[in-house]
Amino acid sequence: MDSIFSSQNPTNSTFLPPPPGIPFPAATTTVTTPNGETTTPRNPTPILIPKLEPFAGWIETPNTKESQKPTTFSNGPHTLLNLFGDETLASASSDKNDTVSNFNQISEVFRTAFSKGLQQFQVPKEENDTVLDPKSGAIVPVPPPENNSINSNKDSPGAVALSTPRSRVKELVRVTDFGGVKEQRHFREVVRKTRMIYDSLRVLSTVDEERRVEFDHRRVRGDLRASNLMRNCGLWLNRDKRIVGAIPGVCVGDVFLYRMELCVVGLHGQPQAGIDYLPASFSANGEPIATSVIASGGYEDDLDEGDVIIYSGHGGQDKNSKQVFHQKLEGGNLAMERSMQYGIEVRVIRGVRCEGSASASGKLYVYDGLYKIVQCWFDVGKSGFGVFKYKLCRIDGQAKMGSSVLKEANKLRKDPLSFKPMCCLSLDISMKKEYVPVRLFNDIDQNNDPLYYEYLTRTTFPDSVFHQSGRATGCDCVGGCVDGCFCAMKNGGEFSYNQNGVLLKGKPVIFECGPFCRCPPHCRNRVTQKGLKHRLEVFRSRETGWGVRSLDLIQAGAFICEYTGVILTREQAEILSMNGDSLIYPNRFSDRWAEWGDLSLIDSNYVRPSYPSIPPLDFALDVSSMRNVACYMSHSSTPNVLVQFVLYDHNNLMFPHLMLFAMESIPPMRELSLDYGVTDEMTGKLSICN
């Protein structure tokens, strides 16, 4: 008896191009010969031609090869040695508890798509495999590999230490149940920390890149270097399984600045091709299965209408992305057709242009959820060559598409009254005190409390703070601060920002150049004092009362704003709080600054920064009458914003500024959150903001 899959052999498929020189027949499933017989064209010899994405591919150049050599990241006199070298990799291999690969405990064998046919034709199966009805939704758990040891860390359930870097294991699985809220938070935190390591490495590499361009004019892409290092250290997620469907910890609407970041979290495993799939040689049924696609308009026949996509197959293009050959039903094209036949969903990531994108092409990648392939056909493309087309329809019940949110945010930036103008209570609650307006929006109730507070752009310090700060000193740099200058020495011999003003590494306190420095306003060591740059919005939320979101994309490590208020001494705070404590205490903020730039999983010799040191803070911030947009940020145990203490207008370590930076790339219209340390137990939010 033949296998169930023999009748669906791709060599008998009707989705085939005619030989060169023969005109295309109509869009039918058969071809009629001159003697009246009906035949089906046969598939030519398979030749895999990957679908290239314009401006986003991993193109090997001499600079790319250079980036794969052992490299040293340096930042002033403090240097992180051998990040790509053998010594670091050896230390990462020996310390198994420091290298994390997530989700092994919840990975489950994906058999249901093929199980009905296996039951009918009694295809041999491995011992302990359970064949189930494809509509039952049942799953079979997969035990962790024997050569892996479960991490004993109770805070990281399911984490597995890897002894050596591994390529992708070709086992198809689906995670159908993420568990309760606690498990979902765990997965989200694992993804968040993985992305933070990636962003920290990428940002740190920009310092080395700046020096390369300055001295030898060679540019090495930091995104490739960061992903390379994490892969060698076994920190890429989901490398042990090919996951069909949603990825635990990745939410619809998440944005990624680089293609390689998709590979790091396991959302899309191909750094260049637009279709990610399990090859036939590794599939249980001997046929390829597609798992995700990137829709970025790379093919002239693509059509994107949001919930419905007409996706062109890959192949047939020259180096200029022009269609010059017929496409073939092989590789990713065949995988898409097989996924349609078995009803297997695919993840869709859209490549869209966005203001504020870090890539040279101006693109970023947004995860838009799961789609079903409902139709496949072979057609004549606009160029006159045969193209495979697939109709993808979005599955109902998912969160709003991130690409749609990006379009809405872009429209609001151009016209703030384009959406529910009656609900826009103010176009700028700062009354032009900020460089960019701060919008106030409420479409839930009649509350307009933020209008009754005086907007405070900078923290108000007592005069005694400046008198007690000691002798005023500053650098003598004329064109801008350079390595080894006085301000660099105050920061431990290294600058805290790159040339784009992105935070390189969190510290107990950062000294920026101040009024007594001779450097110009564009100095790299003047970042937070320049004020707000992103268009923020205070909005009414059913979950958090008042909240804050941005109309702009905020890149990881970017400065957002200062948390302002009126400084009160300990004695003043005790008197004011007698009638109820509604003050902000800086010493209660969690030290999330230590997480940004934490490379302990990469370098076993990594030490948490302790210099410049700062004494315990003993003051309060009064926001009862004067405040700014930061006071409306919600509390979260997994925040996307951190507090970094900064000094620039005085040298009194007892009274630093509270500056806020992004811990991850935050898409437009996503709520900003802080870890206040202590909040109201009922609402999870500070009482002053309710």
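Residues numbered from 1 in each chain as written. Predicted model: local features only at pLDDT ≥ 70, side-chain atom pairs only at ≥ 80, totals over all residues. Heavy atoms only, no water.

The name an unreviewed UniProt entry gives the protein is Putative histone-lysine N-methyltransferase chromatin remodeling SET family, with Lupinus albus as the organism.

Asker: How should I be thinking about the environment of Gly480 in this particular structure?
Answerer: Summarising the element assignment, Gly480 is placed in the loop between helix 9 (463–467) and helix 10 (486–490). Given the relative accessible area of 17%, Gly480 is considered buried. Once the C-alpha coordinates of Gly480 and Cys519 are considered, the two residues, 39 residues apart in sequence, prove to be 5.0 Å apart. (Helix = DSSP H or I, 4+ residues; strand = E, 2+ residues; numbered from the N terminus. Buried < 20%, exposed > 50% of the residue type's maximum accessible area, 1.4 Å probe, protein only.)

Asker: What is the right way to look at the sheet that holds strand 31 (residues 657–662) in this model?
Answerer: Sheet strands associate in pairs through backbone hydrogen bonding, adopting either a parallel or an antiparallel arrangement. Spatial ordering of the open sheet is given by 22-30-31-25, a layout of four strands whose pairing is mixed. Looking at strand neighbours, the two that pair on one side only are strand 22 (510–511) and strand 25 (559–562), the edges of this open sheet. One ladder, built from three bridges, connects strand 25 with strand 31; its direction is antiparallel. Note on strand 31: the bridge partner recorded for Cys561 is Leu660. (Pairing = 2+ DSSP bridges.)

Asker: Help me understand the side chain of Arg549, please; the structure alone is not making it clear to me.
Answerer: Positionally, Arg549 belongs in strand 24 (residues 545–550). What makes Arg549 buried here is its relative accessible area of 15%. In contact with Arg549, not counting residues within four places along its chain, are Phe441, Arg535, Leu536, Glu537, Phe539, Met669, Arg670, Glu671 and Leu672. (Contact = heavy atoms within 4.5 Å.)

Asker: Can you walk me through the sheet that holds strand 19 (residues 424–426) in this structure?
Answerer: The four strands lie next to each other as 19-20-23-24, forming an open sheet whose pairing is mixed. The open sheet has two edge strands with one neighbour each: strand 19 and strand 24. On average, each strand axis in the sheet is inclined to that of its neighbour by 30°, with strand direction left out of account. Here strand 23 (residues 536–541) runs beside strand 24; their pairing, made up of six bridges, is antiparallel. Across the sheet, residue Glu537 finds its bridge partner in strand 24, namely Arg549. (Axes fitted to C-alpha atoms, helices over the stretch in contact; angles between N-to-C directions.)

Asker: Sorry if this is basic, but what is going on with the nonpolar core here?
Answerer: Across soluble globular proteins, you tend to see nonpolar side chains buried next to one another. One finds Ile560, Tyr563, Met633, Leu660, Leu672 and Leu674 to be the most contacted residues of the largest nonpolar core, which totals 43 residues. Elements with a contribution of two residues or more to this core: strand 23, strand 24, strand 25, strand 30 (641–647) and strand 31. Ranked by residue count, the leading element in this core is strand 30, at four residues. In this structure, Leu660 is in contact with Ala558, Phe559, Ile560, Cys561, Tyr563, Ala630, Met633, Val641, Leu642, Val643 and Leu674, ignoring residues within four places of it in sequence. By size, the runner-up hydrophobic cluster in this structure holds 26 residues, among which are Ala226, Met230, Cys263 and Val352. (Core = buried A, V, L, I, M, F, W, Y, C linked by side-chain atoms within 4.5 Å.)

Asker: What am I meant to see in the pattern of salt bridges here?
Answerer: Any two side chains of opposite charge can pair, so long as their charged atoms come close to each other. Counting across every chain of the model gives 26 salt bridges. Of the charged contacts, one joins Arg192 and Glu189 as a salt bridge, the two residues approaching to 2.7 Å between their closest N and O atoms. Placement of the pair is Arg192 and Glu189 together in helix 4 (residues 181–215), with a separation of three residues, close to one helical turn. In this structure Glu189 comes out as buried when scored by relative accessible area, which is 15%. Between Glu574 and Arg570 there is a salt bridge, and its shortest N-O distance comes to 3.9 Å. Placement of the pair is Glu574 and Arg570 together in helix 11 (residues 570–576), with a separation of four residues, close to one helical turn. Since its relative accessible area comes to 48%, Glu574 is described here as partly exposed. Residue Arg570 is classed as partly exposed on the basis of its relative accessible area, which comes to 48%. One continuous salt-bridge network, built from bridges that share partners, spans Glu189, Arg192, Lys193, Arg592, Glu595 and Asp675. (Salt bridge = Lys/Arg side-chain N within 4 Å of Asp/Glu carboxyl O.)

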